[in-house]
Amino acid sequence: QVQLVESGGGLVQAGGSLRLSCAPSGRTFSSYGMGWFRQAPGKEREFVAGISWTGDTYYGDSVKGRFTISRDNAKNTMYLQMNSLKPEDTAVYYCARAARQYYSGTSYLPHEYAAWGQGTQVTVSS
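Description of the structure in this document.

Thresholds, definitions, all that
- Starting from 1, residues in each chain are numbered consecutively following that chain's sequence as written.
- Local features in this predicted model are restricted to residues of pLDDT 70 or higher, and side-chain atom pairs are both shown and tallied only at a pLDDT of 80 or more, whereas totals for entire chains, interfaces and linings draw on every residue.
- Water and hydrogen atoms play no part in the side-chain values, which are based on all heavy atoms of the structure.
- Helix numbering and strand numbering both begin at the N terminus, where a helix is a DSSP run of H or I of at least 4 residues and a strand a DSSP run of E of at least 2.
- Summary of the burial criterion: residues with accessible area below 20% of their type's maximum are buried, those above 50% are exposed, and those between are partly exposed, where the area comes from a 1.4 Å probe applied to protein chains only.
- Per-residue and other accessible areas were derived by the Shrake-Rupley procedure at a 1.4 Å probe size, with only the shown protein chains allowed to occlude residues.
- His is not counted here, nor are the chain ends, while Lys and Arg score as positive and Asp and Glu score as negative.
- Lysine's charge is taken at NZ, arginine's at CZ, aspartate's at CG and glutamate's at CD.
- The pairing criterion for strands is at least two bridges between them, as found by DSSP.
- A fitted line through C-alpha atoms serves as each axis, taken over the contacting stretch for helices, and the angle formed by two N-to-C directions is quoted from 0 to 180°.
- Any cysteine sulfur atom paired with another within 2.5 Å is treated as part of a disulfide.
- Each pair of aromatic rings taken from Phe, Tyr and Trp, with Trp reduced to its six-membered ring, is defined by centres within 6.5 Å and is described as stacked if the planes are under 30 degrees apart, edge-to-face if over 60, and tilted in the remaining cases.
- In this scheme, Lys NZ or Arg CZ marks a charge over a ring once it lies within 6 Å of the ring centre and within 35 degrees of the ring normal.

### Quick look at the overall build of the protein chain
The secondary structure content of the protein chain amounts to zero helices and 11 strands. Listed N to C, the secondary structure of the protein chain is β-β-β-β-β-β-β-β-β-β-β in terms of helices and strands. On the principal axes, the C-alpha backbone points of the protein chain span a range of 40 × 30 × 30 Å. Every one of the 126 residues in the protein chain was classed for burial, and the buried ones make up 43%. For the protein chain, the computed accessible surface area is about 6,400 Å², with 48% contributed by carbon and sulfur atoms. One finds the centroid of the 12 positive side-chain charges in the protein chain at a distance of 5 Å from the centroid of its 9 negative side-chain charges.

### What to know about the sheet that holds strand β3 (residues 18–24)
Two strands in a sheet stick together by hydrogen bonds in their backbones, pointing the same way (parallel) or opposite ways (antiparallel). An order of β1-β3-β8-β7 is seen for the four strands of this open sheet, with the pairing classed as antiparallel. Strands at the two margins of the open sheet, each flanked by one partner only, are β1 (4–7) and β7 (67–72). Neighbour-to-neighbour, the strand axes of this sheet turn through a mean angle of 15 degrees, independent of strand direction. Here β3 pairs with strand β8 (residues 77–82) via five bridges, running antiparallel. Note that in β8 the partner of arginine 19 across the bridge is glutamine 81.

### Re the state of the cysteines
Inspection of the entire model under this criterion finds one disulfide. With a sulfur-sulfur separation of 1.7 Å, cysteine 22 is cross-linked through a disulfide to cysteine 95. Residues cysteine 22 and cysteine 95 are joined through a disulfide that is left-handed, its torsion about the S-S bond being -65 degrees. Placement of cysteine 22 in strand β3 and of cysteine 95 in strand β9 (residues 91–101) is noted, with a sequence separation of 73 residues between them.

### Details of the packing of aromatic side chains
Taken as a whole and judged by the stated rule, the model has eight aromatic pairs. Taking 4.8 Å as the distance between ring centres and 70 degrees as the angle between the ring planes, the aromatic pair formed by phenylalanine 47 and tyrosine 108 counts as edge-to-face. Within this pair, whereas phenylalanine 47 is found in strand β5 (residues 46–51), its partner tyrosine 108 is found in the loop between β9 and β10 (113–116), the two being separated by 61 residues in sequence. Overall, the relative accessible area of 39% leaves tyrosine 108 in the partly exposed class. Among the aromatic residues, those joined into a ring-pair cluster are Phe37, Phe47, Tyr58, Tyr108, Tyr113 and Trp116. It is arginine 97 that lies over the ring of tyrosine 32; its NZ or CZ is 4.0 Å from the centre.

And the structure:
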């Protein structure tokens, strides 16, 4: 079954903005770190952004200064605000929930996440 659901993907021109949302279906959302990954055709899955259960954020080098990850525990929703989009940002974006509860460190690798969404396509035209 789908454990997380992403939304907000679409087609945008270079320099534009897009906000992705992620709605986990599991319980105890607030006790897990969350993350965003992306995968372009023929490429490895790439870490985009992460947020710990305590709210600490961290980013992949390619998106630093342009993307912002956030979470609203009251709404049980996680977001990725994407600004200054580039064609290189074109990919399928995946929402993921970390495997460990109450972990305050960073999680950069896919195997550190146990639940995934189906992915949402982001296409940036130039």
